[in-house]
Structures are given as structure tokens and as C-alpha cells.
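# Examination of the molecular architecture
Chain by chain, the residues run as shown.
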Amino acid sequence: MKPLELSLALQGGGAHGAFTWGMLDGLLQQRPFTLDGISGTSAGAMNAVLLAAGWQQGGPESARALLSRFWHGLMLPGPLDPAGMSQHWSLWWRDMTKHLSPYDLNPFDINPLRDLLNELIDFEALRRQPPCKLFIAATHVETGRLRLFREHELTAEHLLASACLPELYQAVEIDGEHYWDGGFVGNPVVYPLVFDCNAPDLLLMLLHPRQGGQLPTHAQGIADRVAELGFQTTFLREMRALAAMKKRLQYRLWLQGRVERRVRRLRFHQLGPDEGLSRLHRNSKLDTRKAFLLALREQGRSRMQHWLTSEGHLLGQKASCDPVAEFL
């Protein structure tokens, strides 16, 4: 079977990124492909660069191993907690951050992720010989603009910038500029995979449910839904714009420039969260207990296996997601 050329867009979502880890693990195991470009935000940025760094070291199996080492390195001991103690702790922490900033709570800007990333990833080798294009999203604090970090410049600080929630961490300074989590401006960013890459298949791996369920009427429920929307709005707007372009091109066959040909040929695919992930409270994005992360990995792996069985045959042949129907 000829390897499929593929680009990936990986959404962020804190600890829920372990679900994407499972999806990637299933994809790497079951379907041969080559990478053209990966766009990632926050936890999606971590998964993107770990996938690329592992691939650079030794192909798909090395990528699986490096992703596993990273997520195991994050894990805290503890069983799954049906009583919801981890959620209570997260709520307490959220309440604390309403009154105290990370400059008060963590004046020395200690972030264990920095050491873990530097231990696992040979950034110099990745910059010198990247296996694919990388687009890592962060938010420029002073201007609110999107900043996309590329494969030739990446360090641990760029990944920390992409995952820097301002209520939890001090802004990450890079070359005298300050950055927060990329989710505010693109989660994930799709356009560079359309216009700067050539792979005919683009797979979106999403963590946030598109539907919010019942109308929230209590203060906490409203706040939760507002937060969910805040980390999806730019992605949905970008996908609507791409869908509108694709729709217009259906009726303008005489437009035959490079961009028009690229948009016409591009095949979209999408995997969203399963029902179990969709039901989780957003505070569980701070939950790094071993049992919880491993459970998310298995859910993600199962989600990918089911998708590959039902729609994976369309990869390399036909779009399994119609952006016009899905986003317009």
C-alpha cells in the first residue's frame, strides 16, 4: 500500500490532549502515512512536536514511543475518583486564581514541563532536519495577534508559550515579546495546512464538543460554556471562511490559480471527541492522574480505530467531512 500523504490539525485542551495521544497512537499503528504539515495549539502543540521529533528520530514507532514517554512523564499517581475530588481541587484552584495571579502564586515561574520537554526532545536536531512543516500557535499578549512558530525556530519555550494559560502561568517571553496560550487566536490554526502545504488530505483532531447540550442557566454552567466558546470561536470562523471559499469555487470553475486548485483538491477529514470526553467538566483539563490520562488514551485509540474502520478507506480517495455542510 502506497503511504498516504497527510497533514494534521491538533486541537488543544490541557490534559484532554491525552485523548489526542490515543488517536495518534492508533493512527500510527494502523495506517502507513507520511507527514506534510502539523498545526498544533497548547496540548495539541505538545503532541505535534513530540510526533515530529519522534518521527525524526526513527519513524512512526519512535513517534509512538516519544508521545508515550511524554504523557507518562506528566502522570501523577492516583486512581480514578468517582467522588470527584480532583474536580473539587480544580474548582478551588480556579477560585484562587481569581484573586491571585501566577506572578503571586509562582513568582519564580517554575514549570516542570520545561525540563520534561528538554529531556525528551532534541530541539537542535528537529530544527536542523524536521520531518515535516510545523505550525505552533501562540497569542501575542500586547497585540492579541496570532504568532505561528515554525519548525526551524522551535525550543521548549515556544511550546510553553503555546500552552501558557494566563491564570496559571506567567507570560512566556521570547525575543523580548510575551505570549499566552494559542487557543485564544486559533485552536487549531488550519490555514497554513491549506496554503503552505501540499498534502491532499487534512485530518482535524478535535477535543471540544461542537454542541453544548442544554442551555446553561446557572452561573457556573454559563461560565463553562463561555470558556468553551472562547477556545473554539476562531477555529470555527476560519473553517467557515474555508468552507465559503470552497462553495464559491464550485460555481467558478474558470478560476484556476494555485490557491483555487489547492482548495478544490483538498480533502477534509474530522475526528471529534467521543461522548465520554464531551461529558467531562472543563476543570478535568487540569487532571493529570495516571488512571485518568490512560483512560483518555484508550478512549482516543478506540475513537481512531472506529473511524478508520468506518471511514478510513476514504483517506487518499475522498473527503469524509464536507466543510460546506459542517461549518456553513
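Look a little higher up for the structure.
If you're wondering where the values come from, they're calculated on a predicted model, not measured in any experiment.

Take the pattern of salt bridges next. It is possible for side chains of opposite charge to pair when their charged atoms get near one another. The tally for this structure, following the rule as stated, stands at 13 salt bridges. In this structure, the salt-bridge partner of Lys133 is Asp36, at a minimum N-O distance of 3.2 Å. A residue pair is termed long-range when its members are at least 10 positions apart, and Lys133 in strand E3 (residues 133-140) and Asp36 in strand E2 (residues 33-41) qualify at 97 residues. According to the relative accessible area criterion, Lys133 is partly exposed, its value standing at 24%. In this structure, Glu151 and Arg150 form a salt bridge, with 3.1 Å as the shortest nitrogen-oxygen distance. Exposure remark for Glu151: the relative accessible area of 12% places this residue in the buried category. Overlapping salt bridges bring together Asp25, Glu61, Arg64, Arg297, Glu298 and Arg301 as one network.

Moving on to the pairing of strand E6 (residues 177-181). Here E3 runs beside E6; their pairing, made up of three bridges, is antiparallel. Note that in E6 the partner of Thr139 across the bridge is Trp180. Inspection of the sheet shows strand E5 (residues 172-174) paired to E6 by three bridges, in the antiparallel sense. Following the sheet pairing, Ile174 is matched in E6 by Glu177.

Aromatic ring pairs are reported here in terms of the distance separating the ring centres and the angle at which the planes meet. Counted by the stated rule, this structure contains six aromatic pairs. The interplanar angle of 85° and the centroid separation of 5.4 Å between the aromatic rings of Phe70 and Trp71 together place this pair among those described as edge-to-face. What makes Phe70 buried here is its relative accessible area of 1%. Residue Trp71 is classed as buried on the basis of its relative accessible area of 3%. An angle of 35° between the planes, with centres 5.2 Å apart, marks the rings of Phe184 and Phe231 as tilted. One end of the pair, Phe184, is in the loop between E6 and helix H9 (191-195); the other, Phe231, is in the loop between helix H10 (219-230) and helix H11 (233-250), with 47 residues separating them in the sequence. In this structure Phe184 comes out as partly exposed when scored by relative accessible area, which is 34%. Among the aromatic residues, those joined into a ring-pair cluster are Trp21, Phe70 and Trp71.

What follows deals with helix H1 (residues 17-30). Between its terminal C-alpha atoms H1 stretches 20 Å, which fits the 20 Å expected from 14 residues at 1.5 Å a residue. For H1, a buried count of twelve out of 14 residues is recorded, marking the element as mostly surrounded by other parts of the structure. For H1, the set of buried residues is Gly17, Ala18, Phe19, Thr20, Trp21, Gly22, Met23, Leu24, Asp25, Gly26, Leu27 and Leu28.

A separate point is the pairing of E3. Counting buried residues in E3 gives seven out of eight residues, a clear majority hidden from the surface. Judged from the five bridges that link them, E2 and E3 form a sheet pairing that is parallel. Looking across to E3, one finds that Ser39 is bridged to Phe135. Examined bridge by bridge, E3 and strand E4 (residues 146-150) share five bridges and lie antiparallel to one another. In the strand pairing of E4, Ala137 is matched with Leu148. Here E3 folds back onto E4, and the loop between the two strands holds five residues, one of which, Gly144, carries a positive phi near 75°.

Attention now moves to unusual backbone geometry. Cis peptide bonds are those with omega within 30 degrees of zero, and the linkage from Asn187 to Pro188 qualifies with -5°. In this model, Ser42 sits at a positive phi of 55°, which is unusual for a non-glycine residue. Along the chain, the position of Ser42 falls in the loop between E2 and helix H2 (43-58). Assessed through its relative accessible area of 9%, Ser42 is described here as buried. If you check the backbone angles, Asp175 has positive phi at about 50° while not being a glycine. Of note, Asp175 is situated in the loop between E5 and E6. A relative accessible area of 76% places Asp175 in the exposed class.

Let's shift gears to the state of the cysteines. Taken as a whole, this structure holds zero disulfides when the rule is applied. Here Cys197 is not cross-linked by a disulfide; its sulfur's nearest cysteine counterpart is in Cys132, at 8.3 Å. Judged by its relative accessible area of 1%, Cys197 is buried.

What counts as what
Residues numbered from 1 in each chain as written. Predicted model: local features only at pLDDT ≥ 70, side-chain atom pairs only at ≥ 80, totals over all residues. Heavy atoms only, no water. Salt bridge = Lys/Arg side-chain N within 4 Å of Asp/Glu carboxyl O. Helix = DSSP H or I, 4+ residues; strand = E, 2+ residues; numbered from the N terminus. Buried < 20%, exposed > 50% of the residue type's maximum accessible area, 1.4 Å probe, protein only. Pairing = 2+ DSSP bridges. Phe/Tyr/Trp six-rings, centres within 6.5 Å; stacked < 30°, edge-to-face > 60°. Expected span 1.5 Å × (residues − 1). Disulfide = S-S within 2.5 Å.

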